[in-house]
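# Residue-level structural notes
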Amino acid sequence: MSEFNIFKVLSDKQRRDILEMLREGRLSAGEIAERLSVTPAALSYHLKLLKGADLVMEYREKNFIYYEINTSVFEEIILWAKQFGGSKDEN
């Protein structure tokens, strides 16, 4: 996992919006584009970056491609961030 790449990808509001939509369950690209009111080309770009950062997984079912959140990456981010928390007395 490249934390820099993940945080760079998460810096865009539309990509965060996509992740929030996918939190509710899997969606097709068409469903995501419709909810965001973006062009297929713009959505394709955002999904490419999310997949590149392993934040989103895609799978095919018949003629459709569905997307869902890769929760294991978010768990890794939480574990990574926790190393900076806690009190100084815990050492």
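Above this text you will find the structure in question.
In short, a report on the structure. Just so we're clear, the structure is a prediction, and the values are computed from it rather than from any experiment. (Residues numbered from 1 in each chain as written. Predicted model: local features only at pLDDT ≥ 70, side-chain atom pairs only at ≥ 80, totals over all residues. Heavy atoms only, no water.)

### Details of the side chain of Ser28
In this structure, Ser28 sits in strand S1 (residues 27-28). Exposure remark for Ser28: the relative accessible area of 9% places this residue in the buried category. (Helix = DSSP H or I, 4+ residues; strand = E, 2+ residues; numbered from the N terminus. Buried < 20%, exposed > 50% of the residue type's maximum accessible area, 1.4 Å probe, protein only.)

### Section: the environment of Ala42
Position of Ala42 among the secondary structure elements: in helix H4 (residues 40-52). Separated by 28 residues in sequence, Ala42 and Gln14 place their C-alpha atoms 10.0 Å apart.

### Focus on the packing of helix H2 (residues 13-23) against helix H3 (residues 29-36)
Two elements in contact, H2 and H3, have axes whose closest approach is 11 Å; the angle formed by their N-to-C orientations is 120°. With respect to their mutual orientation, H2 and H3 come out oblique. Viewed along their axes, H2 and H3 form a crossing whose handedness is right-handed. In this structure, H2 uses Gln14, Asp17, Ile18, Met21 and Leu22 to contact H3, whose residues at the interface are Ile32, Arg35 and Leu36. Of the residues belonging to the contact of H2 with H3, the class tally is 5 nonpolar, 1 polar and 2 charged. (Axes fitted to C-alpha atoms, helices over the stretch in contact; angles between N-to-C directions. Parallel < 35°, antiparallel > 145°, perpendicular 65-115°, else oblique. Left-handed = near helix turned anticlockwise from the far one by under 90°. Contact = heavy atoms within 4.5 Å. Nonpolar A, V, L, I, M, F, W, Y, C, P; charged D, E, K, R; others polar.)

### Observations regarding the environment of Leu47
Within the secondary structure layout, Leu47 lies in helix H4. With relative accessibility at 4%, the residue Leu47 sits in the buried group. Taking the C-alpha atoms as reference points, Leu47 and Met57, separated by 10 residues in sequence, lie 9.4 Å from one another. Setting aside residues up to four positions removed in sequence, Leu47 forms contacts with Ile18, Ala29, Ile32 and Tyr67.

### Description of the pattern of salt bridges
Throughout the structure, instances matching the rule amount to 4 salt bridges. The shortest N-O distance in the salt bridge between Glu61 and Arg26 comes to 3.0 Å. Residue Glu61 is found in strand S2 (residues 56-61), and its partner Arg26 is found in the loop between H2 and S1; the two are separated by 35 residues along the sequence. Taking the relative accessible area as the measure of exposure, Glu61 reaches 35% and is therefore partly exposed. Taking relative accessible area as the criterion, Arg26 reaches 37% and is therefore assigned partly exposed. (Salt bridge = Lys/Arg side-chain N within 4 Å of Asp/Glu carboxyl O.)

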